[in-house]
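Here is how the chains run, residue by residue.
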Amino acid sequence: MLVGDKWDCLSYGGEWIVPVLNFDNTLQGMLTLFIFQSREGWIGLMWDSVDAVGIELMPVQDSCQSFIILYMALVILLCLLFINMVVKIVID
């Protein structure tokens with residue numbers, strides 16, 4: 001593999017593009033989780049996380065498939081929590 005990180009990519013004349021939703025720092029991670037709670041585009045975020053290796057490293061396809069289970073559990077828990085909150089508000 002010729003390109004392994006950001007600096008290899010730039011030295012070969014490529015363009016390093018970071019996804020908008022990422023966990024590279026705390027603020028970006030909080031924003032990503034906030035957007036994830038709305039369940040808009042969570043599947044793309046899940047696949048980006050599955051391919052992620054590290055900060056400023058080239059993604060490797062399916063490098064950590066255990067993230068799929070984590071994202072499915074988060075979606076189920078967030079949906080149930082949201083439904084319970086709505087039902088509680090309606091009942092009250």
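Scoring rules and cut-offs
- Residues numbered from 1 in each chain as written.
- Predicted model: local features only at pLDDT ≥ 70, side-chain atom pairs only at ≥ 80, totals over all residues.
- Heavy atoms only, no water.
- Buried < 20%, exposed > 50% of the residue type's maximum accessible area, 1.4 Å probe, protein only.
- Helix = DSSP H or I, 4+ residues; strand = E, 2+ residues; numbered from the N terminus.
- Arc of directions from axis to C-beta.
- Contact = heavy atoms within 4.5 Å.
- Salt bridge = Lys/Arg side-chain N within 4 Å of Asp/Glu carboxyl O.
- Phe/Tyr/Trp six-rings, centres within 6.5 Å; stacked < 30°, edge-to-face > 60°.
- Core = buried A, V, L, I, M, F, W, Y, C linked by side-chain atoms within 4.5 Å.

1. What to know about helix H3 (residues 42-51)
All of the buried residues in H3 are Trp-42, Leu-45, Met-46, Ser-49 and Val-50. Each buried residue of H3 sits inside an arc of 140° when the element is viewed along its axis, so together they form one side. Contact partners of the buried residues in H3: helix H2 (26-37) and helix H4 (66-91).

2. Some words on the pattern of salt bridges
A complete count under the given rule lists 2 salt bridges for this structure. Across the pair Glu-56 and Lys-6 runs a salt bridge whose closest N-O atoms are separated by 3.7 Å. Residue Glu-56 is located in the loop between H3 and H4, and its partner Lys-6 is located in helix H1 (residues 6-11); the two are separated by 50 residues in the primary sequence. In this structure, Asp-92 engages Lys-88 in a salt bridge whose closest nitrogen and oxygen atoms are separated by 3.6 Å.

3. Comments concerning the packing of aromatic side chains
One pass over the structure, following the stated rule, counts 2 aromatic pairs. Each ring, one from Phe-36 and one from Trp-42, has its centre 6.4 Å from the other, and the planes form 80°; the classification is edge-to-face. As far as the burial class goes, Phe-36 and Trp-42 line up, both buried. With centroids separated by 5.4 Å and ring planes inclined at 80°, the aromatic side chains of Phe-36 and Tyr-71 adopt a geometry described as edge-to-face. Taken together, the residues Phe-36 in helix H2 and Tyr-71 in helix H4 connect sequence positions 35 residues apart. Tyr-71 carries the same exposure label as Phe-36, and that label is buried. Within the aromatic cluster, the residues linked to one another by ring pairs are Phe-36, Trp-42 and Tyr-71.

4. Let's talk about the nonpolar core
In terms of nonpolar packing, the biggest core is built from 8 residues, these being Phe-36, Trp-42, Leu-45, Met-46, Val-50, Tyr-71, Val-75 and Leu-78. Ranked by residues supplied to this core, first place goes to H3 with 4 residues. Once you skip the residues sitting within four places of it in the chain, Leu-45 turns out to touch Leu-21, Phe-23, Thr-32, Phe-36 and Tyr-71.

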